[in-house]
Amino acid sequence: MTAEEIFEKTYAAYGPALYRFCLVQLGSSADAEDALQEVFCKRLYRAPDFASPEQERRWLFQVAANQCRDEHRRRGRRDLPLDESLPAPAKEYLGLWEQVAALPEKHRAAIHLHYGEGYSVEETARILGVTVSAVKMRLKRGREALRREWEDM
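Residues numbered from 1 in each chain as written. Predicted model: local features only at pLDDT ≥ 70, side-chain atom pairs only at ≥ 80, totals over all residues. Heavy atoms only, no water.

Engineer: Describe the pattern of salt bridges, listing the residues and the values that go with them.
Structural biologist: Across all of its chains, the model carries 6 salt bridges by this definition. Taking the shortest distance from any N to any O, the salt bridge between Asp70 and Arg73 comes out at 3.5 Å. With Asp70 and Arg73 both in helix α3 (residues 53-75), this residue pair falls 3 residues apart, about one helical turn. Residue class for Asp70 comes out partly exposed when judged on its relative accessible area of 31%. The residue Glu144 makes a salt bridge to Lys140 at a minimum N-O spacing of 2.7 Å. In this pair, Glu144 and Lys140 both sit in helix α7 (residues 132-152), 4 residues apart, roughly one turn of the helix. The class for Glu144 is partly exposed, based on a relative accessible area of 27%. (Salt bridge = Lys/Arg side-chain N within 4 Å of Asp/Glu carboxyl O. Helix = DSSP H or I, 4+ residues; strand = E, 2+ residues; numbered from the N terminus. Buried < 20%, exposed > 50% of the residue type's maximum accessible area, 1.4 Å probe, protein only.)

Engineer: Tell me about the side chain of Arg108, and name the residues and values.
Structural biologist: The residue Arg108 is located in helix α5 (residues 105-116) in this model. A distance of 3.0 Å separates a polar side-chain atom of Arg108 from the backbone oxygen of Gln25. (Polar contact = N/O pair within 3.5 Å; in protein donor to acceptor, adjacent residues only side chain to side chain.)

Engineer: Break down the nonpolar core for me, with residues and values.
Structural biologist: In this structure, Leu18, Phe61 and Leu113 are the most contacted members of the largest nonpolar core, which totals 35 residues. Listing elements by their share of this core, those giving two or more residues are α1 (3-26), α2 (29-46), α3, α4 (96-101), α5, α6 (121-128) and α7. With residues up to four places along the chain from it excluded, the contact list for Leu113 reads Phe21, Phe61, Gly118, Tyr119, Thr124, Ile127 and Leu128. (Core = buried A, V, L, I, M, F, W, Y, C linked by side-chain atoms within 4.5 Å. Contact = heavy atoms within 4.5 Å.)

Engineer: Lay out the packing of aromatic side chains with the relevant residues and their values.
Structural biologist: Aromatic ring pairs are described here by two measures, namely the spacing of the ring centres and the angle between the planes. Throughout the structure, instances matching the rule amount to 6 aromatic pairs. Geometrically, the ring pair formed by Phe61 and Tyr119 is edge-to-face, given 5.7 Å between the ring centres and 75 degrees between the ring planes. Taken as a pair, Phe61 in helix α3 and Tyr119 in the loop between α5 and α6 lie far apart in primary sequence, 58 residues in all. Accessibility classification places Phe61 together with Tyr119 in one group, the buried group. Within the aromatic cluster, the residues linked to one another by ring pairs are Phe7, Tyr11 and Phe40. (Phe/Tyr/Trp six-rings, centres within 6.5 Å; stacked < 30°, edge-to-face > 60°.)

Engineer: Could you give me a rundown of the packing of α1 against α3, with the residues and numbers involved?
Structural biologist: Where α1 meets α3, the closest approach of the two axes is 10 Å, and the angle between their N-to-C directions is 30 degrees. Classified by the interaxial angle, the pair formed by α1 and α3 is roughly parallel. Where α1 crosses over α3, the two elements pack in a sense that is right-handed. Along its contact with α1, which presents Thr10, Tyr14, Ala17, Leu18, Phe21, Cys22, Gln25 and Leu26, the element α3 presents Pro53, Glu56, Arg57, Leu60, Phe61, Ala64, Ala65, Cys68, Glu71 and His72. Looking at the contact of α1 with α3 residue by residue, the classes come out as 12 nonpolar, 3 polar and 3 charged. (Axes fitted to C-alpha atoms, helices over the stretch in contact; angles between N-to-C directions. Parallel < 35°, antiparallel > 145°, perpendicular 65-115°, else oblique. Left-handed = near helix turned anticlockwise from the far one by under 90°. Nonpolar A, V, L, I, M, F, W, Y, C, P; charged D, E, K, R; others polar.)

Here is the structure:
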């Protein structure tokens, strides 16, 4: 299989979900597209051989999580609105995923992987490189923050 065929197959299978993940993590479509491009470059040139499609999917999300974390460190940004050129919309107009995007990075990633992508707590811990108890705590605190936001509306 050529590199182009691998890219097309992989992008068709995982591109939209990875883009949504990067968008929620980074808060802007331009940054999400840049991160996604890096993820697929790493897939083409540095990926190991995968035993199953699920192993490939998990690897891609792990690379995406690392890429988003690196981007946050590099730019020193925290809690940006979805498009930094526009002011953040009023809370009463935010949907659930926009509110997830407003959470701190560690809660946002855990919630998106677990609830948005359907990974178990153990798989989420592996992808994020943290312990299972850390993921459980991040999910709990993230849910509490979301619950407070919804109750305040």
